[in-house]
Amino acid sequence: IEQKAKYPNIQYSIINVNQNELIRLIVEGTIDIGFVQLNIFNETYVRNKIEMLQLMYEDVFESRLVVAVSQKHPLYGKKKVTLEELLPYEIVTGMTRAEELVSYALFCELQKLGYDKKITCLGDIGVSRRYALRHNCIQLVPLIALEVTNRLYSNQVYPIELEKQYDLKYLVVY
């Protein structure tokens, strides 16, 4: 609200699109700025694409994937888990599809270990959080997103580190 008063001609809106669509919208001038998530699999490609399109970017923060559970979940209270410890449980994510690169790598590793359950991809972190609480399952989420959403909800979910880290970086692109 303070920013709106200070800059009355700036319009703020939040949209949720994939990275390619976000970059396209910036190039077209439809939007002025966006946040992009990078991981070990896409970082070089995304940075090169942004530079090739002559867009500007800045690294803004880093995070990592964690497992989030409710107080009622059997893994509650653990500080760190192995992928093998996740095998008995349903997994939900806020990503739009399991094929998103860093999650897909983790899901492939789980499948190699014998994970045979469906991974529910709901396309929204808040929706996947509510699903995880309602179904007492695991939410796979960037730690930064968990820290932000925990401030917004009365029902808390608790982070558990993965033994193997899946690091994430975030850029602001303009």
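Description of the structure in this document. (Residues numbered from 1 in each chain as written. Predicted model: local features only at pLDDT ≥ 70, side-chain atom pairs only at ≥ 80, totals over all residues. Heavy atoms only, no water.)

Description of the overall build of the protein chain
Thought 1: Tallying secondary structure elements over the protein chain gives 7 helices and 8 strands in all.
Thought 2: Dimensions of the protein chain, computed from the C-alpha atoms along their principal axes, are close to 50 × 35 × 25 Å.
Thought 3: The buried share of the protein chain, taken over its 174 residues, is 41%.
Thought 4: Accessible area for the protein chain stands at about 10,700 Å²; split by element, carbon and sulfur atoms hold 52% of it.
Thought 5: In the protein chain, 20 side chains carry a positive charge and 21 a negative one; their mean positions are 6 Å apart. (Helix = DSSP H or I, 4+ residues; strand = E, 2+ residues; numbered from the N terminus. Buried < 20%, exposed > 50% of the residue type's maximum accessible area, 1.4 Å probe, protein only. Areas by Shrake-Rupley, 256 points an atom, 1.4 Å probe, with all protein chains shown as cover. Lys, Arg positive; Asp, Glu negative; His and termini not counted. Charge placed at Lys NZ, Arg CZ, Asp CG, Glu CD.)

Here we look at a nonpolar patch on the surface
Thought 1: Taken together, the side chains of Y7, I10 and Y12 present a nonpolar region at the surface, about 310 Å² in accessible area.
Thought 2: Within the secondary structure, Y12 sits in the loop between α1 (2–6) and α2 (19–28).
Thought 3: The class of Y12 is exposed, set by a relative accessible area of 52%. (Patch = residues over 30% accessible without salt bridge, like charges linked within 9 Å, V, L, I, M, F, W, Y side chains within 5 Å. Salt bridge = Lys/Arg side-chain N within 4 Å of Asp/Glu carboxyl O.)

Looking at helix α3 (residues 43–52)
Thought 1: Along α3, the positions that sit buried rather than exposed are E43, V46, R47, K49 and I50. Down the axis of α3, the buried set is contained in an arc of 160°. They therefore lie on one face. Facing away from the buried side of α3, by more than 90 degrees, are the exposed residues T44, Y45 and M52.
Thought 2: Against the buried residues of α3 lie α2, β1 (34–39), β2 (57–69) and β8 (167–173).
Thought 3: Immediately downstream of α3, the backbone of Q54 shows phi near 60°, a positive value. (Arc of directions from axis to C-beta. Contact = heavy atoms within 4.5 Å.)

Quick word on the nonpolar core
What tends to happen in soluble globular proteins is that the nonpolar side chains get buried as a cluster.
Thought 1: With 23 residues, the main nonpolar core has V67, L86, I91, L106, L110, I138 and L162 as its most contacted residues.
Thought 2: Going through the elements one at a time, β2, α4 (83–86), α5 (101–112), β6 (138–142), β7 (158–162) and β8 are the ones with two or more residues in this core.
Thought 3: The contact partners of L162, leaving out residues within four places of it in the chain, are L65, V67, K80, V81, L83, L86, L106 and L140.
Thought 4: I31, L38, L55 and L171 belong to the second largest nonpolar core, which has 12 residues in total. (Core = buried A, V, L, I, M, F, W, Y, C linked by side-chain atoms within 4.5 Å.)

Looking at the packing of α2 against α3
Thought 1: Where α2 contacts α3, the axes come no closer than 11 Å and their chain directions differ by 15°. What the angle tells us is that α2 and α3 run roughly parallel. The hand of the α2/α3 crossing is right-handed. Contacts from Q19, N20 and I23 in α2 reach Y45, V46, K49 and I50 in α3.
Thought 2: Among the residues making up the contact of α2 with α3, the classes are represented as 4 nonpolar, 2 polar and 1 charged. (Axes fitted to C-alpha atoms, helices over the stretch in contact; angles between N-to-C directions. Parallel < 35°, antiparallel > 145°, perpendicular 65-115°, else oblique. Left-handed = near helix turned anticlockwise from the far one by under 90°. Nonpolar A, V, L, I, M, F, W, Y, C, P; charged D, E, K, R; others polar.)

Points about the packing of aromatic side chains
Thought 1: The full count for this structure, using the stated rule, is 2 aromatic pairs.
Thought 2: Aromatic side chains Y76 and Y158 sit 5.1 Å apart centroid to centroid with 70° between the ring planes, which places their arrangement in the edge-to-face category. Placement of Y76 in the loop between β2 and β3 (80–81) and of Y158 in strand β7 is noted, with a sequence separation of 82 residues between them.
Thought 3: With relative accessibility at 27%, the residue Y158 sits in the partly exposed group. (Phe/Tyr/Trp six-rings, centres within 6.5 Å; stacked < 30°, edge-to-face > 60°.)

Considerations on the environment of L152
Thought 1: Relative to the elements of secondary structure, L152 occurs in the loop between α7 (143–150) and β7.
Thought 2: L152 sits 26 residues away from G126 along the chain, and the two C-alpha atoms are 9.6 Å apart.

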